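A look at the structure
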Amino acid sequence: MVEFPYRNGYPAVEVEVRLPAEKRGQLAEAGIALGVERGWGLIDTGSFRSGFDMMAAGRAGVRQLGWQSLRRHAGPGTYDVPLLDGDIVVPGLKSLRVEEGLGLELHHLGFIALIGRDFLDGLYLMCDGCTTTTRLELC
């Protein structure tokens with residue numbers, strides 16, 4: 001189990017953003033070392049897919065795979081977001097390879113990742129608005 005205070009008024013957990021293990025290994029063999037980005041992940045139970053802040057993903061070496069068109073919730077039309085391939089890790093709890101993670105602009109909110117329902121699957125989540133804490137544990 002891990003427990004964290006809300007971050008900027010939102011439920012959040014400490015996370016790491018990095019390349020998938022096999023890609024990190026291949027680059028290490030070639031003498032290329034990429035950093036692991038550490039920061040906060042915004043928990044969004046309304047998002048079916050997790051994602052990465054574009055700046056943090058770039059610093060960690062996470063690469064873009066393509067684009068995804070999403071329907072606008074407020075108004076007509078669609079918009080395109082990049083799809084990224086990387087790992088989101090909550091140290092000591094869970095790691096998830098997000099093969100088609102959404103590329104988002106989260107840094108202005110103080111986050112490096114979006115934790116969606118794909119990551120939360122198999123976890124117990126408690127967001128306590130009274131004490132402004134977030135708790136995650138394995139089911």
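Above this note sits the structure.
Not measured: the values here are computed from a predicted model.

Definitions and cut-offs
Residues numbered from 1 in each chain as written. Predicted model: local features only at pLDDT ≥ 70, side-chain atom pairs only at ≥ 80, totals over all residues. Heavy atoms only, no water. Phe/Tyr/Trp six-rings, centres within 6.5 Å; stacked < 30°, edge-to-face > 60°. Helix = DSSP H or I, 4+ residues; strand = E, 2+ residues; numbered from the N terminus. Buried < 20%, exposed > 50% of the residue type's maximum accessible area, 1.4 Å probe, protein only. Pairing = 2+ DSSP bridges. Salt bridge = Lys/Arg side-chain N within 4 Å of Asp/Glu carboxyl O. Contact = heavy atoms within 4.5 Å. Polar contact = N/O pair within 3.5 Å; in protein donor to acceptor, adjacent residues only side chain to side chain. Axes fitted to C-alpha atoms, helices over the stretch in contact; angles between N-to-C directions.

1. Observations concerning the packing of aromatic side chains
Evaluated as defined, the whole model comprises two aromatic pairs. Measuring from centroid to centroid gives 5.8 Å for Phe4 and Trp40, while their planes differ by 85 degrees, and the two rings are edge-to-face. Taken as a pair, Phe4 in strand S1 (residues 2–5) and Trp40 in strand S3 (residues 37–43) lie far apart in primary sequence, 36 residues in all. Using a relative accessible area of 16% as the deciding quantity, one classes Trp40 as buried.

2. Observations concerning the pairing of strand S9 (residues 123–128)
Taken together, the six bridges between S9 and strand S10 (residues 133–138) define a ladder with antiparallel strand orientation. Each residue of the ladder has a partner; that of Leu125, found in S10, is Leu136. If you look at the hairpin formed by S9 and S10, you'll find four residues sitting between the two strands, and Thr132 has a positive phi there, around 50 degrees.

3. Quick word on the pattern of salt bridges
As enumerated under the stated definition, the model contains seven salt bridges in all. Measuring nitrogen to oxygen at the nearest pair gives 2.6 Å for the salt bridge that ties Arg97 to Glu22. With Arg97 in strand S7 (residues 94–104) and Glu22 in helix H1 (residues 21–29), this pair connects stretches of sequence that are 75 residues apart. A relative accessible area of 31% places Arg97 in the partly exposed class. Here Arg135 ties to Glu137 by a salt bridge, and the two come within 3.6 Å at their closest N and O atoms. Via salt bridges that share partners, Glu22, Lys23, Asp85 and Arg97 belong to a single interconnected network.

4. As for the environment of Glu16
Inspection of the secondary structure puts Glu16 in strand S2 (residues 12–18). By relative accessible area, Glu16 is classed as buried at 11%. Placed 22 residues apart in sequence, Glu16 and Arg38 show a C-alpha to C-alpha distance of 4.5 Å. In contact with Glu16, other than residues within four places in its own chain, are Val36, Glu37, Arg38, Asp87, Ile88, Val89 and Pro91. A distance of 3.3 Å separates the side chain of Glu16 from the side chain of Arg38, its partner in a polar contact.

5. Quick notes on the sheet that holds S1
Hydrogen bonds between backbone atoms are what pair the strands of a sheet, whose relative direction is either parallel or antiparallel. Spatially, the three strands line up as an open sheet ordered S1-S10-S9, and their pairing is antiparallel. Looking at which strands have only one partner, the edges of the open sheet turn out to be S1 and S9. Put simply, the sheet's adjacent strands are angled 15 degrees from each other on average, direction ignored. Pairing of S1 with S10, which is carried by four bridges, proceeds in the antiparallel orientation. For Val2, the partnering residue across the bridge sits in S10 and is Leu136.

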